[in-house]
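# Structural overview for review
Each chain, letter by letter, is given below.
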Amino acid sequence: QHYYITNNLRSCSSLQMILVVVATLLLGVGCSPAQQQTYNALSFGDGQDDKIQWYPDMSPFATQMSICTWIKRRSETTRSPVALDYYLASQHGIYLEADENWNEVVESNLNLDGKFKAPANEWFHFCLTWGDYILTAYFNGKEVGSTSTNRRQIETGGKMSMGNRADEMVESRFIFGGDVFKMNIFNRVLTSTEIRAMASDMCSEEEEILNSNRLIKWEDIMSQQRTGNVVEIPTNCPVVPHTKERLRLIEERLNTAEQELKETKTSLTNTQEELQSTKQELTETKRSLKCHEDTLQRHFRYRPVCDDESEEDTICLNTRN
């Protein structure tokens with residue numbers, strides 16, 4: 001397939017503890033396949049035709065969405081490099097530049113000039129979220145700006161373009177000329193926590209965790225027809241197993257965890273019974289000791305005291321201690 005290349009072998013160890021199982025379910029399957037696979041990024045050339053264009057179904061994103069991606073610019077001098085553009089009827093429903101100048105949803109611009117500096121030749125993470133008339137931008141997991149939008153609904157049926165504008169305006173300043181990785185569009189407003197998790201690591205599996213909301217997927221974009229000089233470049237990010245395989249592995253680990261929980265519950269029940277038995281024995285022992293103590297107190301409270309100094313007649317008296 002287009003979105004991965006093969007890599008070296010890695011071994012996988014079994015899970016022995018419940019906590020390990022839980023952590024594995026949260027962070028991913030955790031088992032490297034025998035033949036490790038890695039995701040690819042896309043590298044766009046510096047020509048007008050170096051782009052990808054297609055007509056996606058935008059109806060799931062009509063009133064809210066989140067667009068998140070990793071971007072690497074090759075130059076800081078390009079004025080308005082267009083990473084993504086969704087265009088319909090002379091309107092830019094989505095307009096994402098690979099810098100801090102112009103980022104737009106439903107014809108409402110969010111100018112981030114001075115809010116962050118997009119570096120050259122370095123990967124950075126960028127997200128736009130939009131819902132309830134609010135457009136918010138995140139750079140490397142941190143919110144860098146927000147604004148209200150004029151409309152609440154995006155038009156459907158338009159053209160999506162990655163690497164240049166989707167309309168007929170031809171200017172060199174719009175050429176993206178850089179690298180893109182994990183461009184995904186989600187059908188809801190992601191939380192700041194989810195975005196931070198994505199931005200924390202290029203190889204984060206947060207996108208896979210949010211797969212039910214990830215309706216325009218990076219692997220699907222990779223399969224779209226390309227024009228000009230658009231090539232795949234490798235990354236060090238391992239491919240997450242197919243969803244069905246993930247579910248199967250997770251189910252296995254859930255069954256293992258359930259069995260271990262049952263065994264732990266049985267062990268705890270046995271321990272409780274032993275503790276109850278020991279408690280009863282201690283109660284009986286305490287009662288017995290109390291009886292012995294009372295007997296000894298009675299014995300020494302009234303006892304005969306003899307005068308050893310008398311050699312002839314020994315007088316014994318009952319004397320209190």
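This text follows the structure it describes.
Attention here is on the structure that accompanies the text.

Reading the values: rules and limits
Residues numbered from 1 in each chain as written. Predicted model: local features only at pLDDT ≥ 70, side-chain atom pairs only at ≥ 80, totals over all residues. Heavy atoms only, no water. Helix = DSSP H or I, 4+ residues; strand = E, 2+ residues; numbered from the N terminus. Buried < 20%, exposed > 50% of the residue type's maximum accessible area, 1.4 Å probe, protein only. Contact = heavy atoms within 4.5 Å. Areas by Shrake-Rupley, 256 points an atom, 1.4 Å probe, with all protein chains shown as cover. Phe/Tyr/Trp six-rings, centres within 6.5 Å; stacked < 30°, edge-to-face > 60°. Lys NZ or Arg CZ within 6 Å of the ring centre and 35° of its normal. Arc of directions from axis to C-beta. Salt bridge = Lys/Arg side-chain N within 4 Å of Asp/Glu carboxyl O. Disulfide = S-S within 2.5 Å. Core = buried A, V, L, I, M, F, W, Y, C linked by side-chain atoms within 4.5 Å. Polar contact = N/O pair within 3.5 Å; in protein donor to acceptor, adjacent residues only side chain to side chain. Pairing = 2+ DSSP bridges.

### Things to note about the overall build of the protein
Within the protein, the regular secondary structure consists of five helices and 18 strands. Burial statistics for the protein: of 321 residues in total, 39% are counted as buried. Counted over contacts in the protein with a minimum sequence separation of 6, partners at least 24 positions apart contribute 71%. Accessible surface, the protein: about 18,500 Å² in total, of which carbon and sulfur atoms supply 49%.

### With respect to the packing of aromatic side chains
Under the definition given, this model contains four aromatic pairs. Here Phe-181 and Trp-218 contribute two aromatic rings whose centre-to-centre distance is 6.3 Å and whose plane-to-plane angle is 85°, an arrangement assigned as edge-to-face. Here Phe-181, found in strand S13 (residues 178–186), pairs with Trp-218, found in helix H4 (residues 218–222); they are 37 residues apart in sequence, far enough to count as distant. You'll find Phe-181 and Trp-218 in the same group, each marked buried. Ring-pair connections join several aromatic residues into one group, and the members of that group are Trp-123, Phe-181 and Trp-218. Lying across the ring of Phe-174, Arg-165 places its NZ or CZ 4.5 Å from the centre.

### Some words on the side chain of Thr-129
If you trace the backbone, Thr-129 turns up in strand S9 (residues 123–131). Judged by relative accessible area, which is 4%, Thr-129 ranks as buried. Beyond its immediate stretch of four places on either side in the chain, Thr-129 contacts Met-65, Ser-66, Ile-134, Leu-135, Thr-136, Tyr-138, Val-189, Leu-190 and Ile-195.

### Section: helix H2 (residues 192–199)
The set of residues buried in H2 consists of Glu-194, Ile-195, Met-198 and Ala-199. End-on view of H2: buried residues confined to an arc of 130°, all on one side of the axis. Lining the buried residues of H2 we find strand S4 (64–73), S9, strand S10 (134–139), S13 and helix H3 (206–209).

### So, the pattern of salt bridges
Summed over the entire model, instances satisfying the criterion amount to 12 salt bridges. Taking the shortest distance from any N to any O, the salt bridge between Arg-165 and Asp-167 comes out at 2.6 Å. Given the relative accessible area of 10%, Arg-165 is considered buried. Given a relative accessible area of 13%, Asp-167 falls into the buried group.

### Thoughts on the state of the cysteines
Should the sulfur atoms of two cysteines be covalently bonded, the bond is a disulfide. The tally for this structure, following the rule as stated, stands at two disulfides. The partner cysteine of Cys-68 in its disulfide is Cys-127, sulfur to sulfur 1.9 Å. Between Cys-68 and Cys-127, the S-S torsion sits near 125°, and that sign places the bridge as right-handed. One end of the pair, Cys-68, is in strand S4; the other, Cys-127, is in strand S9, and 59 residues separate them in sequence. The two residues Cys-68 and Cys-127 agree in class, both being buried. Note that Cys-203 is cross-linked by a disulfide to Cys-237, the S-S spacing being 2.2 Å.

### Some details on the nonpolar core
Grouped together as the largest cluster of nonpolar side chains are 48 residues, with contacts concentrated most on Met-58, Met-65, Leu-84, Met-162 and Trp-218. Aside from chain neighbours lying at most four places away, what touches Met-58 is Met-65, Tyr-86, Ile-94, Ile-154, Thr-156, Met-160 and Ile-216.

### As for the environment of Val-239
Within the secondary structure layout, Val-239 lies in the loop between strand S16 (230–238) and helix H5 (243–301). Here the alpha-carbon distance between Val-239 and Cys-203, two residues 36 residues apart in the chain, equals 8.9 Å.

### Looking at the side chain of Asn-164
Its place among the elements puts Asn-164 in the loop between strand S12 (159–162) and S13. Using a relative accessible area of 2% as the deciding quantity, one classes Asn-164 as buried. At 3.1 Å, the side chain of Asn-164 forms a polar contact with the side chain of Gln-48.

### Brief notes about the environment of Asn-164
For the pair Asn-164 and Lys-51, spaced 113 residues apart in sequence, the C-alpha to C-alpha distance is 6.1 Å. For Asn-164, the residues in contact, after removing those within four places along its chain, are Gln-48, Lys-51, Val-82, Asp-85, Phe-174 and Ile-175.

### Concerning the pairing of strand S3 (residues 51–54)
Within a regular strand, side chains alternate between the sheet's two faces. In terms of strand pairing, S3 meets strand S15 (residues 226–227) through two bridges, oriented antiparallel. Within S15, the position partnered with Lys-51 by the bridge is Thr-227. Both S3 and S12 contribute to a ladder of three bridges, which runs antiparallel. Bridge pairing in S12 links Trp-54 to Met-160.

### Some remarks on the pairing of strand S11 (residues 142–148)
Of the strand pairs in this sheet, S10 and S11 are connected by six bridges, and their pairing is antiparallel. By the bridge assignment for S11, Phe-139 is matched with Lys-142. Counting the residues in the hairpin turn of S10 and S11 gives two residues, including Asn-140, whose phi is positive at 50°.

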